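# Per-entry structural report
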Amino acid sequence: MISPSLEQLARTAYEAHRGAHPTSLPPWEETTEQEQQAWKAAVSAIAAQTGGTLVEAAPARPLVIQVGDERHSFSTAFTAGRQGNLAISDEFASSHHARFQVARGLWFIEDLGSTNGTSLNGRRFRAPQHLKKGDKIKIGRTVMTVVSA
């Protein structure tokens, strides 16, 4: 059995905390990277105190994305946008537009509440979407292709 990732546990803990204060705290996706790191550190510290360990499950294979004539390969979760790990020079892309992450060995994409949305194979989506080879992702006016997932 694979234990939940640090990201998943931190998000779950935060959302439980937020449930007690629904009007004063934003959803996980709207928290800053610094706040998310603080929640991950807290969850990790609790796991260490109870003798547990948290290991990020590695994907079955890296995610390879073609953007123009450049290929990018990722083996851990990342963000795409004007200031993301996958930097996109597109005025219609948000700073942190979309998150790519692994769950149960599969790659998923999630829009991070961007102004212009994210499309997968021509359809805008709200919930995380599973990625597969050949998928077309549109962020702003930038189109990228999944080479392997």
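For the structure itself, consult the block above.
First, a word on what this report is: a plain description of the structure on this page. For every chain, the first residue of the written sequence is number 1, and numbering continues from 1 onward in sequence order. It should be noted that, the model being predicted, local features are given only for residues of pLDDT at least 70 and side-chain atom pairs only at 80 or more, the latter also being counted only at that level, while totals for whole chains, interfaces and linings use all residues. Calculation of side-chain values draws on the structure's entire complement of heavy atoms; hydrogens and water are dropped beforehand.

Each pair of aromatic rings is reported with the distance of its centres and the angle of its planes. Pairing of aromatic side chains requires ring centres within 6.5 Å, counting the rings of Phe and Tyr and the six-membered ring of Trp. Pairs whose planes differ by under 30 degrees are stacked, by over 60 edge-to-face, and all others tilted. Per the counting criterion, the structure on display carries three aromatic pairs. Summarising the aromatic geometry, the rings of Phe-74 and Phe-78 are spaced 3.6 Å apart at their centres and angled 15° between planes, so their arrangement reads as stacked. In this scheme, a residue with accessible area under 20% of its type's maximum is buried, one over 50% is exposed, and one in between is partly exposed, where area comes from a 1.4 Å probe on protein chains only. What makes Phe-74 buried here is its relative accessible area of 14%. The exposure class assigned to Phe-78 is buried, which follows from its relative accessible area of 3%. When the ring of Phe-78 is compared with that of Phe-100, the centres are 4.5 Å apart and the planes differ by 5°; the resulting orientation is stacked. Placement of the pair is Phe-78 in strand S3 (residues 78-81) and Phe-100 in strand S5 (residues 98-103), with a sequence separation of 22 residues. Members of the aromatic cluster, joined through ring pairs, are Phe-74, Phe-78, Phe-100 and Trp-107. Strands are runs of DSSP state E lasting at least two residues, helices are runs of H or I lasting at least four, and both sets are numbered from the N terminus onward.

Okay, the sheet that holds strand S7 (residues 118-120) next. Two strands make a pair as long as DSSP finds a minimum of two bridges between them. Pairing within the open sheet is antiparallel, and its six strands lie in the order S2-S1-S11-S10-S7-S8. The sheet terminates laterally at strand S2 (70-74) and strand S8 (123-124), the two strands that pair on one side only. Relative to strand S11 (residues 142-148), strand S1 (residues 63-67) runs antiparallel, the two sharing four bridges. Its bridge partner lying in S11, Gln-66 is registered against Thr-145.

Moving on to the pattern of salt bridges. What makes a salt bridge here is a side-chain nitrogen of Lys or Arg within 4 Å of a carboxyl oxygen of Asp or Glu, nothing more. On inspection of all chains with the given rule, the structure shows two salt bridges. We note a salt bridge from Glu-110 to Arg-99, for which the minimum N-O separation is 3.0 Å. Pair noted here: Glu-110 is in strand S6 (residues 106-111) and Arg-99 is in strand S5, with a separation of 11 residues, a long-range link. You'll find Glu-110 and Arg-99 in the same group, each marked buried. Across the salt bridge formed by Lys-132 and Asp-135, the nearest N and O atoms sit 3.3 Å from each other. According to the relative accessible area criterion, Lys-132 is partly exposed, its value standing at 45%. Exposure remark for Asp-135: the relative accessible area of 3% places this residue in the buried category.

What follows concerns helix H1 (residues 6-20). A helix is expected to reach a length of 1.5 Å times the quantity of its residues less one. An ideal rise of 1.5 Å per residue puts 21 Å on 15 residues; H1 measures up with 22 Å between its terminal C-alpha atoms. The complete set of buried residues in H1 reads Glu-7, Ala-10, Arg-11 and Tyr-14. Looking straight down H1, one finds that the buried residues subtend no more than 100° of arc, so they occupy a single side. Looking at H1, the residues exposed on the side facing more than 90 degrees away from the buried face are Thr-12, Ala-16, Gly-19 and Ala-20. Arc definition: directions from the helix axis to the C-beta atoms.

Before going further, it helps to spend a moment on the side chain of Ser-94. Along the chain, the position of Ser-94 falls in the loop between strand S4 (86-87) and S5. Any pair of nitrogen or oxygen atoms within 3.5 Å is treated as a polar contact; in protein, a donor-acceptor pairing is required on top of that, and neighbouring residues in sequence qualify only through side-chain atoms on both sides. Reaching out from Ser-94, the side chain makes a polar contact with the backbone nitrogen of Thr-115 at a distance of 3.5 Å. Residues are treated as being in contact if the distance between any of their heavy atoms lies within 4.5 Å. Dropping the residues within four chain positions of it, Ser-94 is found in contact with Gly-81, Arg-82, Ser-114 and Thr-115.

Right, let's get into the sheet that holds S5. Strand order in the open sheet formed by five strands is S4-S3-S5-S6-S9, and the pairing between neighbours is mixed. Edge positions in the sheet fall to S4 and strand S9 (129-130), since each of these pairs with one other strand and no more. Bridge analysis of S3 against S4 gives two bridges, and the strand direction is parallel. Note on S4: the bridge partner recorded for Ala-80 is Leu-86.

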